[in-house]
Amino acid sequence: MHFPTAGGPFFRHLRVWHAVVASLVVVAVVAFLVLRPSDDGVRPVPGSPCRPVDSAREDTPATPDLDGDGSVDLVHEISRSLKVDVVVVPGSKRGPDHDRTTVLTQGDLGVPDDIQVGDDPLQPTVADLDEDGHADLVVSSAAQVLWGGPKGPRADGPHGRVPLPGSGYHTAPIAGDFDGDGHTDLAVFKDSGEEQGELVVLKGPFKHSGAPDRTVRIPSPVHKGATPVLVAGDANDDRATDLALYDSPWDPPLLFTGGARTAGGLSKEPERLPEGENVVFGDFDGDGRQDVAVGRSFVNSYDEDDTPHRRGQVSVRYGKDPNKWATMEGGDFKEGFGTRLAAADFNGDGCDDLAVQLTKKKEEGDARIEVLRGGSEHGLGSEPWRATKRSVPGDDGASDGQLFDTHDWDGDGRAELALFGGDRWWITDGTERDEASFPLTPSKNQGS
């Protein structure tokens, strides 16, 4: 259920690469049909390997769960007017409980004033760094840590800071066990401007000061000036976390495999993935192995540049056939199918489905979401199973809800989409039905 953050008024600009990718198995889809969703029970499609949710899946800890109550919390970092805030909407059996929203200010977080900030909503990292059984919160490019406790990280609770070497960081480090030793590590990309950047791996466990066991610096695998997004997953099912880098304007997405006999635990050389602007991991065919999906919308990062007369596409590599890529086209010409991806099981059948955002103009922030159903004969179906769109009016026109995260917000065994736009949240099953809808922050009479 990992996915990256992207561009627009609230999301960072995405770019399209111009590298040549060979040996793709192309499954051309001339046009997508919007299918009527069905909620009459959870049933695998004919020939599907999916199985209904069982105890093993139900016992998987909810993530992110800051207060340890078993419900997924909606955690959101936003930078505005050179200040960083984190909004936490606690989870419940009914989904995110907006009435209990907490806003942690820059002062609460202990974030210094000289950090890199932007206008993007980001996901802080939630992980148990000190191995005390409580989730910790890692915030901003300063890697400030609020240590967890029985009631979650608190503004008046213990703080720390992960010491990042040098400067040039734009986001919080992401978590994963990259060397497979059972300890949570952190990884972050350092942009050194005109100089070659670095991939920094901080090995766990972490001390309460925030200090890692050790720090490993890896020469950047991308061109100078690039600031790629990092996403963690397990592409080869070896229990060690793999690391994908994408959103570099000059490089294809790259994949480092974890568990290698290197100082950082990552492979010495990354694998080049098909051209695209985002990467997600999910089990789309239900065989218990992670698959990899790469989205490529062909929409330019800057709206003044014309988008080519092409349909967007998603390329998928299934774990059972790691040497083969299947590519599906979607949407209409210039509609931006593949701008954002998120993987989750929306019907509880045991197979992950793939949510795909379509965005015609990234700076304008228009968006529509289509869901491809997992568990077809070969894995992902090639036609949308569900489709949805949300908008709120504004002084400069409507602002559409964009794909932010996917989790089982209400604990019913089926994931939902979290969409964000115009300072508003929507929690939806991918249809026109909202399970919840509420403002970014509480009104003044509700407190904070």
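What you see as residue numbers is a count from 1 along each chain, following the sequence as written. In view of the model being predicted, local features appear only for residues whose pLDDT reaches at least 70, and side-chain atom pairs are presented and counted only at 80 or more, with totals across whole chains, interfaces and linings using the full set of residues. Think of the side-chain values as coming from all heavy atoms in the structure, minus any hydrogens and water.

### Brief notes about the overall build of the protein chain
Each helix and strand in the protein chain was counted, giving 2 helices and 31 strands. Each residue is placed in one exposure class: buried if its accessible area under a 1.4 Å probe, protein chains only, is under 20% of its type's maximum, exposed if it is over 50%, and partly exposed if it falls in between. For the protein chain, the proportion of its 448 residues judged to be buried stands at 56%. Note on conventions: DSSP H or I runs of at least 4 residues are helices, E runs of at least 2 residues are strands, and numbering of each starts at the N terminus.

### So, unusual backbone geometry
With an omega of 5 degrees, the peptide bond between Gly 204 and Pro 205 qualifies as cis. Here Pro 205 shows up in the loop between β12 (198-203) and β13 (214-219). If you check the backbone angles, Ser 140 has positive phi at about 65 degrees while not being a glycine.

### A few points about the side chain of Asp 136
Within the secondary structure, Asp 136 is located in strand β7 (residues 136-139). Buried within the structure, Asp 136 lacks any salt-bridge partner; Arg 154 is the closest side chain of opposite charge, at an N-O distance of 13 Å. Under the rule applied, a polar contact is a pair of N or O atoms within 3.5 Å (in protein, one hydrogen donor and one hydrogen acceptor; residues adjacent in sequence only if both atoms are side-chain atoms). Engagement of the side chain of Asp 136 in a polar contact is seen with the backbone nitrogen of Leu 129, the distance being 2.8 Å. The contact definition used throughout considers only heavy atoms, calling two residues in contact when any of these lie within 4.5 Å. For Asp 136, the residues in contact, after removing those within four places along its chain, are Leu 66, Thr 125, Val 126, Ala 127, Asp 128, Leu 129, Asp 130, Val 145, Leu 146, Trp 147, Gly 148 and Pro 153. In this charge count, Lys and Arg are treated as positive and Asp and Glu as negative; neither His nor the chain ends contribute. In what follows, salt bridge is the name for a side-chain nitrogen of Lys or Arg lying within 4 Å of a carboxyl oxygen of Asp or Glu.

### Focus: the packing of aromatic side chains
Stacked, edge-to-face and tilted are the three classes for Phe, Tyr and Trp ring pairs, Trp counted by its six-membered ring, which pair at centre distances within 6.5 Å; planes under 30 degrees apart are stacked, over 60 edge-to-face, the rest tilted. Scanning the entire structure with this criterion turns up 2 aromatic pairs. When the centroid spacing of 4.8 Å and the interplanar angle of 45 degrees are considered together, the rings of Phe 420 and Trp 425 count as tilted. Three or more aromatic residues joined by ring pairs form one cluster here, namely Phe 404, Phe 420 and Trp 425. Two limits define a charge over a ring: the Lys NZ or Arg CZ must be within 6 Å of the ring centre, and within 35 degrees of the ring normal. Seen from the ring of Phe 333, Arg 311 lies directly overhead, with NZ or CZ sitting 4.1 Å from the centre. The positively charged end of Lys 320 is found above the aromatic ring belonging to Tyr 318, 5.6 Å away from the centroid.

### Section: the state of the cysteines
We call a pair of cysteine sulfur atoms a disulfide when they lie within 2.5 Å. The full count for this structure, using the stated rule, is 1 disulfide. Residue Cys 50 pairs covalently with Cys 351 via a disulfide, S to S 1.9 Å. Disulfide Cys 50-Cys 351: torsion about the S-S bond near -110 degrees, hence left-handed. Residue Cys 50 is located in the loop between β1 (25-27) and α1 (55-58), and its partner Cys 351 is located in the loop between β22 (337-344) and β23 (353-358); the two are separated by 301 residues in the primary sequence. Note on Cys 351: relative accessible area 0%, which makes it buried.

### With respect to the nonpolar core
Counting residues in each nonpolar core, the largest one holds 17 residues, and the members touching the most others are Phe 178, Leu 199, Leu 230, Leu 243 and Leu 266. Those elements that provide at least two residues to this core are β11 (185-190), β12, β13, β14 (229-233), β15 (242-246) and β16 (254-256). Residue types Ala, Val, Leu, Ile, Met, Phe, Trp, Tyr and Cys, when buried and joined through side-chain atoms within 4.5 Å, form a set referred to as a nonpolar core.

### Concerning the sheet that holds strand β30 (residues 424-428)
Only strands joined by at least two bridges in the DSSP assignment are considered to pair. The antiparallel open sheet is built from 4 strands, whose spatial order is β28-β29-β30-β31. Each end of this open sheet is capped by a strand with a single partner; those strands are β28 (402-407) and β31 (434-439). Averaged over neighbouring strand pairs, the angle between their axes works out to 20 degrees when direction is ignored. Here 5 bridges tie strand β29 (residues 416-421) to β30, and the two strands are oriented antiparallel to one another. Within β30, the position partnered with Ala 418 by the bridge is Ile 427. Axes here refer to lines fitted to C-alpha atoms; in helices the fit is confined to the stretch in contact. Angles between the N-to-C directions go from 0 to 180 degrees.

### What about the sheet that holds β16?
Strand order across the open sheet formed by 4 strands is β14-β15-β16-β17, with antiparallel pairing between neighbours. Strand pairing shows two members of the sheet lacking a second neighbour, β14 and β17 (271-272), which therefore form its edges.

### Focus on the confidence of the model for the protein chain
pLDDT is defined as a per-residue confidence score from the predictor, taking values between 0 and 100. For the protein chain, mean pLDDT is 83; residues scoring 70 or higher make up 82% of the total. Least confident of the elements in the protein chain is β1, whose mean pLDDT is 30; most confident is β16, at 97. Confidence drops under a pLDDT of 50 for residues 1-42, and excluding neighbours within four residues, the segment shows 153 contacts in the predicted structure. Here residues 54-60 is a poorly scored stretch, pLDDT under 50, and it has 4 contacts once near neighbours within four places are set aside; other chains count.

### Side note on the side chain of Thr 125
Relative to the elements of secondary structure, Thr 125 occurs in strand β6 (residues 125-127). Taking relative accessible area as the criterion, Thr 125 reaches 8% and is therefore assigned buried. Separated by 2.3 Å, the side chain of Thr 125 and the backbone oxygen of Pro 173 make a polar contact. The contacts of Thr 125, once residues within four sequence positions are left out, are Asp 136, Leu 137, Val 138, Ala 172, Pro 173, Ile 174, Ala 175 and Leu 186.

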